[in-house]
Structure formats: C-alpha cells, structure tokens
Amino acid sequence: MNKKYVAIGLVAVLLASAGGAAYYKKTHEASINVLGTTDIHGATSRAMIKYVEDKRKNSGADLVVDSGDFWGSETYEMQEWFDGTRPTFDENGRVRFYGKDLDGDGFNETDSDINGDDIPDMIVEKIGEPRQGQAPLIRDLERMKFDSVTLGNHEFVENSQEEFDYLVNELNKANISVLSANLYNNKTNKNVVKPYIVKEIKEGPNIIKAAVLGLTLPEVAEPYKWEEGKERPTYTGDYSLASLEQYNNQYRLDDLVKEANKWTKYIKENENPDVVILTVHSGEEPKKPRHPGNRVKEIARTVEGIDAIVAGHTHITIQQHEFKNEKTGKKVLVTQPSARGGGISDIDLNLKKKNGKWTVVSAKSKVKELDIFDGSKVDYEKTPMSEVYKKGYRL
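Throughout what follows, the structure given in this document is the object of discussion. (Residues numbered from 1 in each chain as written. Predicted model: local features only at pLDDT ≥ 70, side-chain atom pairs only at ≥ 80, totals over all residues. Heavy atoms only, no water.)

### Some remarks on the sheet that holds strand 9 (residues 206–216)
Part 1 of the argument: The strand order 8-9-13-14-16-15 describes an open sheet built from 6 strands, whose pairing is mixed. Both edges of this open sheet fall to strand 8 (196–203) and strand 15 (317–324), since each of them pairs with a single strand only. Averaged over neighbouring strand pairs, the angle between their axes works out to 20 degrees when direction is ignored.
Part 2 of the argument: Taken together, the 7 bridges between strand 9 and strand 13 (residues 275–281) define a ladder with parallel strand orientation. Looking at strand 13, one finds that V212 is bridged to I277.
Part 3 of the argument: Running over the sheet, helix 7 (residues 256–271) touches strand 8, strand 9 and strand 13 and is turned about 155 degrees from strand 9. (Pairing = 2+ DSSP bridges. Helix = DSSP H or I, 4+ residues; strand = E, 2+ residues; numbered from the N terminus. Axes fitted to C-alpha atoms, helices over the stretch in contact; angles between N-to-C directions. Contact = heavy atoms within 4.5 Å.)

What follows is the structure, given as structure tokens:
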C-alpha cells in the first residue's frame, strides 16, 4: 500500500477522533454560574450592579438569587423612599435640628424635641409621599435581573400585612419570584408565595434545568427586653410568626428540615431538575438565645438532593464550606455573602452527563467583596454630614 495514502488515512482518523472527542465533551460536560446575595437590607450598590452585569456579559450569572432580609433602609435613598422626606443641612454641612444652639457648639440645647420622645428632631424637606413609586431596591433588583428572592425575618418584622402584600406584588411585577416553601396560610394550608422556581439554562448545545428552593427560618421574631445595667438585651418569649400581631395569625412557618425534605423530594419527582440550589434564610448552626433557628449544617447533612446552599441571617462571610450528606455521600457546598451589600457569592457548578442524566461533579464558590461606602469608618469630626449623606445615598 502506498505510504502516502496510509499517512493521509491516519491523519483523517486522528482528526475524526479528536473532533468526536471535542463534540462529546461539548455535549456531555457543562457548567453554570450562580450569584447570590443575602441580608442586604435595602443596600444595593453601583458596585453590585456592575459585578452582576459584567458577569452576565462574560456568560455568567445564569441564576441571580437572594437568601432573605433584602428589605430595609440601609441607604439614604431607601430612607427617603420610606419617609418621603430628606434632612436639611446648614452652611457647614451639619444636619439642621429644631431648637436653639445656646453655646455655639452646633447642637441645639433647647426646644429641639417636638415629638415628645426625648430625641432631638431634624428639620426635614418633604419630597413626596411615603413609599411612593417603585422602591429603589426593587428598581436595582429588576435591573440586575434577579431570578428570585427568599423571604427573611425582616420582610415580616418591618412590614404590616398590607405592606407585606404590597412588597410581594411589586416584586412579582418586576418579574422577581418571591420564595418561601415553608410559609403557609393557616386557613387554607396553601403556600403564601412560591416554594421554588425552575429555570432552563442554555449552556452551549445543552439545556441545564436548575431548581431554586426557598426556605425561611420559623424564628422570625426577636422578643427581647433591655434591663438596666446590662449591655445586652435578654431574649424571651415567642420567636414564631404568630407573635407578630400585624399578621393576625394568618400565616405560619413550618419546620426548616422537614420542609426541606418535603420539597426536595417533590421537586425531584415533579420537575426532574439537573441542579438544586437552596436559598435559605438561616445560618449554619443554632446560636442561642438570639439565633435558635440556624440549621443549614443539618439540612446539608441530612436532606438528599441539594447541590449548593446560599445561607443568610447571621451576617457573616462564608467563602465555601462543604458538608458530606449522610444519605448520598455527596458534598454539599455552603456559601454566605456577608451583609448590607458588602459581598456577593459567586458559585460555579460543573456537570457531566451520564446515561442521559446531568450530575453535578464539582462545585466551588467565592465571596466577592464589593467596594461600597462604609459609614462606620467615617471621621465625623472632620467630615460634614452633608458629604456623608451624598456618599451613603446609594452605596
């Protein structure tokens, strides 16, 4: 046989096998990227928006989720939205108060308490009605195309029943799903909001089906009292949702671990997802008396079918913890991105396809620290409050 034709044939075989290997890899290996926040308390920022949008431009941010306590007034912009007013400042950049400054030190010693609560009252400018228009927080979540937010304790504590309903409705209008699988209506025993979402993510020639399950720790209230001479409060009483009188015992939050088991089984049987992410407003383990409901470690170790968990509530940073599930032997990734908009969890999940089924084979996460304004680091003796207000208006 002509050696020339043998060589050409060998090259063709090699090229075909290489191309086949590349095609096999492309159709049998995939990865998805998940971004997660928690406990931002209203503090979205330009840095957060930039990170999410840059990630999306580079084929990331397949899912953007939050693990609760997203609602609040941690920025001056959100404070203005809540109150419909803004403070006024004097020529030196100091906040103007009612009353008279008798000794010239910049503080009014007399007639400054007009509300009768023993606290000096600011002179404010009315800029609109309280809670008028779309909340700045929801505007920013909508811009970042958040897929879901999970209810935390502050979504209940900081709202009346009417305000809670308004919040859920406004998020739904912004195409952001509100999750809490263990929140039930006491009369109907039906879920008050969505328990989970499923999103089909296009990854090259593949479609990855990802489920996001949301859970809220039942201990949403913080019943405490201050005792004279003590630096910390004493926690007493009922931590449950039933103790919040504004909801008239309409709702209940059922056990975290039981509900995690219930809903992961339901999702597996009814949705057949390739990936399951848990966004849960709960820390890793109980810390009494203030945080008795933290059970993330227990969920990771005992509940089958979860690939990664974005935790919350305790305001700490967890780059990446892994816990071995007692039923499957698989490692479950846990991450927690600090609080008040200071960080965002960036999770990569790698999958392989075997016998027609995708499986997560590895996972890694990091918490990206965001460059935002921190009012606790300001020297207020040297910095006018008017400047602080500008920097803290929108972090």
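### As for the pairing of strand 17 (residues 343–354)
Part 1 of the argument: Pairing of strand 1 (residues 29–37) with strand 17, which is carried by 8 bridges, proceeds in the antiparallel orientation. Note on strand 17: the bridge partner recorded for A30 is L351.
Part 2 of the argument: Turn length for the strand 17-strand 18 (residues 357–369) hairpin, with the two strands adjacent in sequence and antiparallel, is 2 residues, and the turn residue N355 shows positive phi of about 55 degrees.

### Focus on the layout of surface pockets
The method is simple in principle: a probe with the dimensions of a water molecule rolls over the atoms, and the space it marks as empty is what remains.
Part 1 of the argument: If you add up the space inside the largest pocket, you get close to 540 Å³.
Part 2 of the argument: For the lining of the largest pocket, the elements supplying multiple residues, two or more each, are helix 7, strand 13 and strand 18.
Part 3 of the argument: Among the elements that line the lining of the largest pocket, the one with the most residues is helix 7, at 6 residues.
Part 4 of the argument: Of the residues belonging to the lining of the largest pocket, the class tally is 9 nonpolar, 7 polar and 9 charged. (1 Å grid on protein atoms, 1.4 Å probe; cavity = no way out; pocket = protein on both sides within 12 Å on 5 of 7 lines; lining within 4 Å. Points joined across faces, edges and corners; volume = space filled by probe spheres on them. Nonpolar A, V, L, I, M, F, W, Y, C, P; charged D, E, K, R; others polar.)

### A short note on the side chain of Q336
Part 1 of the argument: Residue placement: Q336 occurs in strand 16 (residues 331–337).
Part 2 of the argument: Sequence-distant contacts of Q336, defined by excluding residues within four places in its chain, comprise T38, G283, A311, G312, H313, T314, H315, I316, T317, I318, S345 and V367.

### Side note on the packing of helix 3 (residues 76–83) against helix 4 (residues 136–143)
Part 1 of the argument: Packing of helix 3 against helix 4 leaves a shortest axis separation of 9 Å and a crossing angle of 125 degrees. Taken together, the axes of helix 3 and helix 4 lie oblique to each other. Residues E77, M78 and W81 of helix 3 form the contact with helix 4, whose participating residues are P136, L137 and R139.
Part 2 of the argument: Taken together, the residues of the contact of helix 3 with helix 4 break down into 4 nonpolar, no polar and 2 charged. (Parallel < 35°, antiparallel > 145°, perpendicular 65-115°, else oblique.)

### Considering the packing of aromatic side chains
Part 1 of the argument: Scanning the entire structure with this criterion turns up 14 aromatic pairs.
Part 2 of the argument: Look at Y389 and Y393: their rings are 6.4 Å apart centre to centre, the planes differ by 45 degrees, and that puts the pair in the tilted class. Separated by 4 residues within a single helix, Y389 and Y393 lie in helix 9 (residues 385–393), roughly one turn from each other.
Part 3 of the argument: For Y393, a relative accessible area of 29% corresponds to the partly exposed category.
Part 4 of the argument: Aromatic ring contacts, followed pair by pair, group Y76, F89, Y389 and Y393 into a single cluster. (Phe/Tyr/Trp six-rings, centres within 6.5 Å; stacked < 30°, edge-to-face > 60°. Buried < 20%, exposed > 50% of the residue type's maximum accessible area, 1.4 Å probe, protein only.)

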